[in-house]
Amino acid sequence: MQYINNEIGANKNNCASQYKFSDDKTLLFVLLLLAAITSIRAVLFPQLSGEDESLTFLVVKNILESIYELDWKKFIFVIGTDWHPPGRNLLPVPFIALFGDNITALRIPYWLMWISTCFLVSDIAGRLGGRGAAFICGILIVGTGLFNLEIQGLAHGAVTFFGILIIREIILHPPDDLSYAKNKTAFLRGGIWALLGFLFFTSLLPVVGLFHLLWLYPCFKFGNKIQKLKKFLILNIPFFIFYIGYYLIFIGVPIWLIEFNGISILNSIMPGFIPENWELQPIGQYHQYLTRINGTELNISSLKVNLATITWSFAPFLGPIIVILGMIGQILYAPRILILTLPYFLIFSFYITGNTGQHFQSWFIWILPFASQIILCTLKKSEKIGYFIGLPV
């Protein structure tokens, strides 16, 4: 099996390059049906899963109340004091407003994201190896119990979705000279996907940073290096301002409030904005930052927990094997994607401790298309299997 002329590699053939997953109506329908069947139970018959989802539900309700009451102070206070980025709290607001205060409404947007993720992952696999790879990858992702954990992780489902969009963007439009309009559009589109994913979970920051750095390398290829670097810096200015501003607001302000007597100063300017009985303890994402810092050390236990999570949610033994195949697939067919995602794997497997399993699941789904290509290359010699999944034999 050979590959298309983009990030995937040097070998090409007509089978992969002519195949378009979006035109394969039969496979699209099968995957849509399976994705819906395997996931609908978590939406129609939901149960609150853990502290994160319970707190998110309460925060969303408070945000909705502040909107109904036109109380902008309460709105800012609720958003600013929550431990997590605002994306996970704001996305379900219209769904709860429309469908009522229930967990089903909270999960609907993430259910839609999961269905979309199944298609995007299969589309990437199809670009790697044609219909056979798309079929294998689609069956792997929709036929597992991963969805239940992803949807209950809320923001993790969004991180998975936007991470796949970033990967697809790089595969379709490998980083190149930003002097050309099509490359500039691809960079801005990928940068926006990265920004939106960051708004759901700031742990995506390593992927965000590496996405931008991947576009820096072409600036030093061939001629006009200064001109290329200038265009790169100009295009990155809005993103740089956004990320700096985000940390100043969501971590800098809580530090000022707690560590530098900011509460009394703020209450003197806007009386009643901070409750009088508010305890002087870390709040908002500053609290989450300290929690993460206190839970960081070089270790191997996180990897063991992550592999156990994958084994439980995916399939005994098959999950760890796919981890290995996925990394090999990235090395062989998409080294840029390996550069993009490997630090995320390393950080949540060997450095951060605690609840790392859901982060690992996001990374696991990102590598599924590449594992599928390795599986395809192994199976394609079988005429029966090849005929069944549409391979030329």
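Summarised in this report is the structure supplied together with it. All of these numbers come straight from a predicted model, not from anything done at the bench.

By the element assignment, S122 lies in helix α7 (residues 103–129). Owing to a relative accessible area of 0%, S122 belongs among the buried residues under this scheme. In this structure S122 touches F21, L31, A134, C137 and G138, once residues within four positions along its chain are discounted.

The next thing to look at is the layout of surface pockets. Empty space among the atoms becomes visible once a probe the size of a water molecule is rolled across them. Counted as a void, the largest pocket has a volume near 490 Å³. Lining the largest pocket are 20 residues, with T202, S203, Y247, Y289 and R292 sitting closest to its centre. Elements represented by at least two residues in the lining of the largest pocket include exactly α12 (205–214), α13 (225–259), α15 (284–294) and α18 (335–350). Per element, the largest residue contribution to the lining of the largest pocket is five residues, and it comes from α15. Among the residues forming the lining of the largest pocket, the class breakdown is 13 nonpolar, six polar and one charged.

Time to look at the nonpolar core. If you look at the biggest cluster of nonpolar residues, it comprises 98 residues, and the most contacted ones within it are I141, I167, L340, W363, W366 and L368. In terms of residue count, the dominant contributor to this core is α7 (15 residues). With residues near it in sequence (within four places) discarded, L368 still touches V121, C137, L140, I141 and I322. Listed in part, the five residues of the second largest apolar core include L257, I258, I263 and L266.

It is worth spelling out the pattern of salt bridges at this point. Pairing between side chains becomes possible if they bear opposite charge and their charged atoms approach one another. Under the criterion given, the structure shown has six salt bridges. Across the pair R131 and D24 runs a salt bridge, and its minimum N-O distance is 2.7 Å. Taken together, the residues span a long stretch of sequence, with R131 in helix α8 (residues 131–142) and D24 in the loop between α1 (14–18) and α2 (25–44) at a distance of 107 residues. Given the relative accessible area of 25%, R131 is considered partly exposed. Put simply, D123, R127 and R168 are held in one network by salt bridges that share partners.

The rules behind the values
Residues numbered from 1 in each chain as written. Predicted model: local features only at pLDDT ≥ 70, side-chain atom pairs only at ≥ 80, totals over all residues. Heavy atoms only, no water. Helix = DSSP H or I, 4+ residues; strand = E, 2+ residues; numbered from the N terminus. Buried < 20%, exposed > 50% of the residue type's maximum accessible area, 1.4 Å probe, protein only. Contact = heavy atoms within 4.5 Å. 1 Å grid on protein atoms, 1.4 Å probe; cavity = no way out; pocket = protein on both sides within 12 Å on 5 of 7 lines; lining within 4 Å. Points joined across faces, edges and corners; volume = space filled by probe spheres on them. Nonpolar A, V, L, I, M, F, W, Y, C, P; charged D, E, K, R; others polar. Core = buried A, V, L, I, M, F, W, Y, C linked by side-chain atoms within 4.5 Å. Salt bridge = Lys/Arg side-chain N within 4 Å of Asp/Glu carboxyl O.

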